[in-house]
Amino acid sequence: MPELTTYEPSALSRTLSPQDRRLDRIVNVDIGGRGVEHLYEAALQTQDGWPLVGRAADLLAAVPDKSTVLMTTGSVSRAWISPTIGENDGPAGAAVIARALALGKRVTPIVLAEETLIPSLGPIFETAGLTVLPPDKAREANMGGTLLAVALVPFTTNDDEAPAAARQVLEEYEPALLFSTERVGRNRNGFYYNMRGVNFGQDRARVDHVFDLAHDLGVPTVAVGDGGNEIGMGNVSDAVAAHIPHGADGSCACGGGLGATTRVEALVTAACSNWGCYAIAAALATRLGNHRLVHTPHLEAALLRRGVDVGLINSVVGIVDAKVDNIEISTHLAVVELLSAVVMASLATT
């Protein structure tokens, strides 16, 4: 397993660290009581206490203008019932990051996901202001500045095909960075488990193989997660085993625990993965001096409504509603408002 890279913050990041730390703390308040604060503390230790969102935003800010970023999100939440059922945590956060990259750096986001989830993911990105196009047309649009665009590309669900497919996708798109949010990775025995210790790897795109290879090759990787079973949680595997239900060996049918093994250069933990993305977008806005990249309550409300329209489920209770991770809509709007309040004062002077 590759070693974690050492983080040496830039002078700007050192200046912004008090702000970034506030963003970290807001999104890691463990409202759901699932143990994320333990994962947050462990992730901080991996980078000598420097804020998590700061490191992630540094990597996004360093991406060359008009380059390509590979992204992934979406969870086949009830795979044993149907591969078309997705959850509402993840897509909205990914859409906000894709919007920020396209708006702030003319980056082309290419999203890898299950073919079965692409019909429900597309409308979420459209609500965030991006037009869904094939990869070549999305690049043309973003590079020319004519509109914000994103491409949604299916990735294999076959374990045997995944390593070669991962290499092919990296060679084809030559990404400057990879970004994952709320995307389950395989545990040390090669299986994909949910927070209840249930194997739900059926019909799941094996995108974690792309991140493993990219990390090996030195391509920057950023991941957001809230439960311990997502891409990037290999950075804090000991904390997952110690503090997350079903995280330890033998505690569930999964064998090896539910903890994902994939490591990334920058891990952001959050009580809700969407919130982690919103905090990164806020931190990126201050680095680029662009207030338009900051997520807003108005857009958040629209994204939550659109998730219901396309049938994304509140995965905690298995209901199609706007309460992501069963957290009240008002709380999601309040978190977005708080994140904006932390950064808008400094952005007003830029």
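Our structure is the block above this text.
Residues numbered from 1 in each chain as written. Predicted model: local features only at pLDDT ≥ 70, side-chain atom pairs only at ≥ 80, totals over all residues. Heavy atoms only, no water.

Chemist: Can you help me understand the overall build of the protein in this one?
Modeler: Scanning the protein from terminus to terminus reveals twelve helices and seven strands. By the compact-globule yardstick of 20 Å for 350 residues, the protein fits well, its C-alpha radius of gyration being 18 Å. Referenced to the eigenvectors of the C-alpha coordinate spread, the extents of the protein come out at roughly 55 × 40 × 40 Å. About 12,900 Å² of surface is accessible on the protein, with carbon and sulfur atoms providing 52% of the total. (Helix = DSSP H or I, 4+ residues; strand = E, 2+ residues; numbered from the N terminus. Rg over C-alpha atoms; globule rule 2.2 N^0.38 Å. Areas by Shrake-Rupley, 256 points an atom, 1.4 Å probe, with all protein chains shown as cover.)

Chemist: So what exactly am I meant to see when it comes to the nonpolar core here?
Modeler: Note on soluble globular proteins: their nonpolar side chains tend to be buried together. Residues Phe-125, Phe-179 and Val-210 are the most contacted members of the largest nonpolar core, which totals 112 residues. Not counting residues up to four positions away in its chain, the partners in contact with Phe-125 are Pro-91, Ala-94, Ala-95, Ala-98, Val-111, Leu-130, Val-150 and Leu-152. (Core = buried A, V, L, I, M, F, W, Y, C linked by side-chain atoms within 4.5 Å. Buried < 20%, exposed > 50% of the residue type's maximum accessible area, 1.4 Å probe, protein only. Contact = heavy atoms within 4.5 Å.)

Chemist: What's the story with the environment of Pro-83 in this structure? I'm lost.
Modeler: Tracing the backbone through its elements, the reader meets Pro-83 in the loop between strand S1 (68-72) and helix H4 (91-105). Remark: the alpha-carbon pair of Pro-83 and Ala-334, spanning 251 residues in sequence, is separated by 32 Å. Among residues more than four places away in sequence, those in contact with Pro-83 are Val-76, Thr-116, Leu-117 and Asp-203.

Chemist: Help me out: how do you make sense of the environment of Thr-108 in this one?
Modeler: Its location among the elements puts Thr-108 in strand S2 (residues 108-113). What makes Thr-108 buried here is its relative accessible area of 0%. Between the alpha carbons of Thr-108 and Ser-67 there is a distance of 6.4 Å; along the sequence they are 41 residues apart. Looking at Thr-108, its side chain comes within polar contact range of the side chain of Asn-142, at 3.3 Å. (Polar contact = N/O pair within 3.5 Å; in protein donor to acceptor, adjacent residues only side chain to side chain.)

Chemist: Sorry, what's going on with a nonpolar patch on the surface here?
Modeler: A surface patch of nonpolar side chains, about 290 Å² in accessible area, is lined by Trp-80, Ile-81 and Val-198. Structurally, Ile-81 is set in the loop between S1 and H4. For Ile-81, a relative accessible area of 58% gives the class exposed. (Patch = residues over 30% accessible without salt bridge, like charges linked within 9 Å, V, L, I, M, F, W, Y side chains within 5 Å. Salt bridge = Lys/Arg side-chain N within 4 Å of Asp/Glu carboxyl O.)

Chemist: In this structure, what is going on with the packing of H4 against helix H10 (residues 273-288)? I would like to understand it.
Modeler: Two measures define how a pair of helices packs: the angle their axes make with one another and the distance between the axes. Between H4 and H10, the shortest axis-to-axis distance is 7 Å and the interhelical angle comes to 15°. By the angle between their directions, the pair H4 and H10 is classed as roughly parallel. In this structure, H4 meets H10 at a crossing whose hand is left-handed. In this structure, H4 contributes Pro-91, Ala-92, Gly-93, Ala-94, Val-96, Ile-97, Ala-100, Leu-101, Gly-104 and Lys-105 to the contact, and H10 contributes Asn-274, Cys-277, Tyr-278, Ile-280, Ala-281, Leu-284 and Leu-288. Here the contact of H4 with H10 is composed, by residue class, of 13 nonpolar, three polar and one charged. (Axes fitted to C-alpha atoms, helices over the stretch in contact; angles between N-to-C directions. Parallel < 35°, antiparallel > 145°, perpendicular 65-115°, else oblique. Left-handed = near helix turned anticlockwise from the far one by under 90°. Nonpolar A, V, L, I, M, F, W, Y, C, P; charged D, E, K, R; others polar.)

Chemist: What is the right way to look at the sheet that holds strand S6 (residues 221-225) in this model?
Modeler: Pairing between the strands of a sheet is mediated by backbone hydrogen bonds and can be parallel or antiparallel. Pairing is parallel in the open sheet, where seven strands are placed in the order S3-S4-S2-S1-S5-S6-S7. Lying at the two open borders of the sheet, with one neighbouring strand each, are strand S3 (131-132) and strand S7 (266-269). Relative to strand S5 (residues 177-181), S1 is paired through four bridges, and the arrangement is parallel. Residue pairing in the sheet places Met-71 in a bridge with Phe-179 of S5. (Pairing = 2+ DSSP bridges.)

Chemist: Is there a simple way to think about the side chain of Ser-340 in this case?
Modeler: Counting through the fold element by element, Ser-340 comes out in helix H12 (residues 329-347). Accessibility expressed as a relative area gives 14% for Ser-340, which makes it buried. If sequence neighbours within four positions are ignored, Ser-340 has contacts with Val-294 and His-295.

Chemist: What should I look at first to understand the pattern of salt bridges in this one?
Modeler: One side chain can pair with another of opposite charge once the charged atoms of both are near each other. Scanning the model with the defined rule gives 13 salt bridges in all. Two residues, Arg-34 and Asp-325, come together in a salt bridge whose shortest N-O distance is 3.4 Å. Of this pair, Arg-34 sits in the loop between helix H1 (11-27) and helix H2 (36-46) while Asp-325 sits in the loop between helix H11 (297-309) and H12, and the two are 291 residues apart along the sequence. By relative accessible area, which is 23% here, Arg-34 ends up partly exposed. Note that Lys-105 is salt-bridged to Asp-65, the shortest N-O span being 3.6 Å. Taken together, the positions of Lys-105 in helix H4 and Asp-65 in the loop between helix H3 (52-61) and S1 put the pair 40 residues apart, joining distant regions of the chain. Here Asp-65 falls in the exposed class, since its relative accessible area comes to 54%. Through salt bridges with shared partners, a single network forms among Asp-20, Asp-58 and Arg-287.

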